[in-house]
Amino acid sequence: MTERKVRWGVLSTANIGRAAVNPAIQASTNGELVAVASRDGERAKAFAEQWGIPRHLGSYEALIEDEGVDALYIPLPNSLHCEWTIRALERGKHVLCEKPLGLTQAECEEMSAVAEASGVHLMEAFMYRFHPQTAKALEIVGSGALGDVETIRSTFTFRLTRPDNIRWSADLGGGALMDVGCYCVNVSRTIAGAEPVEAQAFADWADTGVDRRLVGTLLFEGGTIAQFDCSLSLERREWYELAGSDGSLLVPAAFLPGMADTVLYERHGRTDPIDHVVAGDDEYRLMVEHFGDVVLGRGSLRYPAMEAARNMRAIEALYASAREGGRPVELERR
């Protein structure tokens, strides 16, 4: 008997799906990509034919009503995540939605509540969390080898040269913090193992109203401080560094390490350095397979939707600070 697989549909023909997540679904051991939808029927047809997807539909509504689909991957513009995720959840579809899950903490909490009420699963697509190097970094921190981690520094920047790209649109939920800075916030919270109690940020605003560049600081209860910068106008950089009382750890290819081996650099003063070589893997496929296993009843979500709400809580505080010229913003202690 053939083992059951998750039947996936993709809501839109967005580039992130075409380049990364759709191939990951097709390569997964527990899923199959059976349908794609676009508001343009001809575009959906051409996309399906090009990428070997069996069925194509000319509206999002048709896909969320399709009884031959178990789970949806949603790579729509940020401003549409909440609406279409909720509509899909209410129709009994499991949803893997691109980050950020919602534009606000409140949106994420609403989406989480609908998923729970509908008896389906919802997860934000932070793929880097599933790469083996992330597990290795957390293992090193958890072992106590670095002592108490007191400072976390991270960056994620790239140059966005097309003026018509949706990341420049305030109405669509664009901006550096929403697009790439959210990774820095997420990894900082993950490493700290806590939620921030104060946020401060300074931003350079584009003419469109979004942050072209943002530098932020998060203070965590217990004293850990995370500092990061993100940008849509700087050369490509992505890394994070952890500084502890007994050592430090540098992760040079932080969020998109790819299939090649990566190296984590552990240092302890003047003693011999420790280089941890981690075998590469497809973080998108690992994410898809984890979500698929949960849909098939083989485990529980590592990162439920309320985790996304906590990330947005920090992001909203950073934006509030940046819009007021860097005034520190306190977050309610939880």
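To be clear, the structure that these remarks concern was listed above.
Notes on the structure in this doc start here. Remember, predicted model here, so these are calculated numbers, not experimental data.

Basis of the calculations
- Residues numbered from 1 in each chain as written.
- Predicted model: local features only at pLDDT ≥ 70, side-chain atom pairs only at ≥ 80, totals over all residues.
- Heavy atoms only, no water.
- Helix = DSSP H or I, 4+ residues; strand = E, 2+ residues; numbered from the N terminus.
- Expected span 1.5 Å × (residues − 1).
- Buried < 20%, exposed > 50% of the residue type's maximum accessible area, 1.4 Å probe, protein only.
- Contact = heavy atoms within 4.5 Å.
- Core = buried A, V, L, I, M, F, W, Y, C linked by side-chain atoms within 4.5 Å.
- Salt bridge = Lys/Arg side-chain N within 4 Å of Asp/Glu carboxyl O.

Here helix 9 (residues 305-323) is 19 residues long and its end C-alpha atoms lie 27 Å apart, about the 27 Å a rise of 1.5 Å per residue gives. Across the 19 residues that make up helix 9, a large majority, 14, are buried. Positive backbone phi, at 70°, marks glycine 325, one or two positions downstream of helix 9.

Let's shift gears to the environment of glutamate 98. Note that glutamate 98 resides in the loop between strand 5 (94-97) and helix 5 (105-118). C-alpha separation for the pair glutamate 98 and glycine 142, spaced 44 residues apart in sequence, amounts to 28 Å. Setting aside chain neighbours within four positions, we find glutamate 98 in contact with Ile16, Val21, Tyr73, Ile74, Pro75, His81 and Ala125.

For the rest of this paragraph, the subject is the nonpolar core. Core analysis: the largest hydrophobic core is formed by 108 residues, its most contacted members being Trp8, Leu11, Leu96, Leu177, Leu242 and Phe255. Setting aside residues up to four positions removed in sequence, leucine 177 forms contacts with Cys182, Val185, Asp211, Leu214, Phe228, Cys230, Ile315, Leu318 and Tyr319.

All told, the structure shown has 25 salt bridges when counted by the stated rule. For arginine 236, the salt bridge goes to glutamate 238, with nearest N and O atoms at 3.2 Å. A relative accessible area of 46% places arginine 236 in the partly exposed class. Judged by its relative accessible area of 13%, glutamate 238 falls in the buried class. Note that aspartate 275 is salt-bridged to arginine 267, the shortest N-O span being 2.9 Å. Ionic contacts of the salt-bridge type, sharing partners, join the residues Arg129, Arg189, Glu195, Glu307 and Arg310 into one network.

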